[in-house]
Structures are given as C-alpha cells and as structure tokens.
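Now for the letters of each chain:
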Amino acid sequence: MRKAVTIGTFDGVHRGHRLVLDTLKKEAEKRGLQPVAITFDRHPLELVAPERAPGNLMSPERKAETIRREGVQPLVLPFTEQLRSMRAFEWLDYIHRKYDVDLLVAGYDNTFGSDGLDMSIADYKAIGDTIGIEVISAPEEDGVSSSAVRKAVKAGNIEKARELLGHMPEIEGKVLPGFHVGREIGFPTANLQVNPRTALPAPGVYAALAYIGDSDNGMPTMVNIGFRPTFEGTEKASGHLTVEAHIIGEDENLYNRTLRLEFVGRLRDERKFGSYDELTAQLKMDKEETLKRVEGMA
C-alpha cells in the first residue's frame, strides 16, 4: 500500500507530535494512503555530536509503541553515517522508492538531509514535485517541544512536563540489587539501572505509577532520585545518582525485571536525616501523600 509519512525524532510523543500525527492520519485517509511515522533508533545528535545530545524522554521501543497507539504505523530506522550524509533530494527520493511514499507531512521545524538546514518548506515542496512526493505542512502546537519537556523534567516540574506531553513523563530500567536499607526499615525498594541517555527528573522524592514488565497495571510508587545523603560516609553510601522505587503493597523479587515509572508529581527535595527513625517517619508521610496523589488522578 502507498504511504503518507511524517519524519522526526518524536521523543516523548508530546502534544505537538500528536498534532502532526493527527494531521497525517486525516490527510492519509483523504488520499487512501497508509499513515506511517518514520523515526530513528537514536537522536541524530548521538551520532553527529554526542556531547550535545539531549537526554531521551522515551526509549525507542516505547516511542514506537506510543506512536502505534495513536493509530500510526511506526518505522524505526537506524540513524547511520550513510543516512546522515544523504542530501535532501537523495533522502526524499530514497523514501519514495524504498517505502512507496506519496505524501510527506512536515512538522513546523522539520529539516531533511545534510543540506536541509537552510531549506524552507517551499524548497521541500519543489523537491517533492520533482520526485513525485506531495509535501504539506502540519500545524504547530505553540510552545510545545521535546526540549521544553526535557527542561521541565530536569527541573522536577512534573506538572509542567505532563501539560506539555499530554501524558505522564516516564523512565524505565532494569532492577538490580541495591543496599537493602529500605527492606530493613519496612520500605523495600527496586534499584533501577537507567540508560545514561535518559532525561531524569531532578533529585528528589516523587509519586509515581510503576509498571512491571509488560503489565498495564500501574501501582502506586514512591521514587527517590538522588545521592542518598543520609548514608553519606557509610558503606551504604552510593557515590552516584540512584533511582530507587518503593512499590506500595508489592514485595515481589523484581531483580532483572524491567520497571517503567510514570511520574505523577514531586513530593519533596531529597534531604539528610539524623536517624533511621526520622527517615522512617518521613517515608510514612511520603507514602500517604503518594497514595493521595495517585488516587486524585482516578
């Protein structure tokens, strides 16, 4: 089947992305085409300039799944040197021949090809006319961008990130053995190994929903992101940023399982406590606040 496509990194699949996807679906239906979102297995800057590559809001797998839920077929391509070096004409000609593309819906800030930074939508339309691809523009969701979402996430402003995304910000990782302090005081935690390319919320304590493996059952969870200052100078000190999740009411051994966390809101800053009793008392309050926040979403 001939295709209508849009192209981009789609990191986070935020409200602006969904406006583009909605436009794609509408225009594809008019022309009897299959709507497809071409995206990449990594942010292009990870190849072009790794030191400037932004943190990722979603894994490639989650991004593809989210695009699919929007009613668009994702096509995830490896971002390689060969792809990077293609000029705009070569790139559009390639997708026309390789993937049977007849329509391209361009987002407001889309650029294509190694020579595309200085090109306008009119330039792309002219190239498309030569190749046989109709090129049209999608409307813009003012003020919404992946960089704006990252800024909110990294500041710990979960409410702002949710507003921009249209859904909860998330991270995921594999559960590894930790220091077992949480279990000793009645709050066992899952210690997450998160991809270092992930955009993490600022250090602090958060209310979240946890999803184990492929489960779609979100469980109320307290998440601590930080350096565990209470244990500074002891053998239980981490020495690096950690992500620890206490899933309320869950005591299953999760080692080597994948855990996805959707952030509901920020509870407080991370701080140092003078004793285990002080820490435990605060965690009890965090638990009650987490349950309130999660229930408030129902």
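Residues numbered from 1 in each chain as written. Predicted model: local features only at pLDDT ≥ 70, side-chain atom pairs only at ≥ 80, totals over all residues. Heavy atoms only, no water.

A word on the side chain of Asn 56. Along the chain, the position of Asn 56 falls in the loop between α2 (45-48) and α3 (60-69). Non-local contacts of Asn 56, meaning those with residues more than four positions away in its chain, are made with Asp 11, His 43, Glu 46, Arg 197, Thr 198 and Ala 199. (Helix = DSSP H or I, 4+ residues; strand = E, 2+ residues; numbered from the N terminus. Contact = heavy atoms within 4.5 Å.)

Attention shifts here to the packing of aromatic side chains. Here the structure, examined in full by the defined rule, presents five aromatic pairs. Ring geometry for Phe 112 versus Tyr 124: centroids 4.9 Å apart, planes at 70°, classification edge-to-face. Separated by 12 residues along the polypeptide, Phe 112 in the loop between β4 (101-106) and α6 (121-131) and Tyr 124 in helix α6 bring together distant segments of the chain. Of the residues examined, Tyr 124 reaches a relative accessible area of 1% and is grouped as buried. Both rings, one in Tyr 206 and one in Phe 263, keep their centres 5.4 Å apart while their planes meet at 80°; by these two values the pair is edge-to-face. Of the two residues, Tyr 206 is situated in strand β8 (residues 204-212) and Phe 263 in strand β11 (residues 258-268); the sequence distance between them amounts to 57 residues. Put simply, the rings of Trp 91, Tyr 94 and Tyr 99 pair up and form one aromatic cluster. A cation over a ring is seen here: Arg 260 above Tyr 211, with NZ or CZ 4.4 Å from the ring centre. (Phe/Tyr/Trp six-rings, centres within 6.5 Å; stacked < 30°, edge-to-face > 60°. Buried < 20%, exposed > 50% of the residue type's maximum accessible area, 1.4 Å probe, protein only. Lys NZ or Arg CZ within 6 Å of the ring centre and 35° of its normal.)

Where charged atoms of side chains with opposite charge meet at close range, the side chains can pair. Inspection of every chain in the model, using the stated rule, returns 24 salt bridges. A salt bridge links Lys 25 to Asp 22, with the shortest nitrogen-to-oxygen separation between them at 3.5 Å. Residue Lys 25 and its partner Asp 22 are located together in helix α1 (residues 15-31), separated by three residues, close to a single helical turn. We classify Asp 22 as partly exposed; its relative accessible area is 39%. Taking the shortest distance from any N to any O, the salt bridge between Lys 30 and Glu 27 comes out at 3.4 Å. (Salt bridge = Lys/Arg side-chain N within 4 Å of Asp/Glu carboxyl O.)

What follows is about the nonpolar core. Core analysis: the largest hydrophobic core is formed by 23 residues, its most contacted members being Ile 7, Trp 91 and Ile 95. Of all the elements, helix α5 (residues 88-99) adds the most residues to this core, at five residues. In this structure, Ile 95 is in contact with Val 5, Ile 7, Ile 38, Asp 100, Val 101 and Ile 133, ignoring residues within four places of it in sequence. By size, the runner-up hydrophobic cluster in this structure holds 22 residues, among which are Leu 200, Tyr 206, Ile 212 and Ala 245. (Core = buried A, V, L, I, M, F, W, Y, C linked by side-chain atoms within 4.5 Å.)

Purely geometric numbers; function is a separate question.
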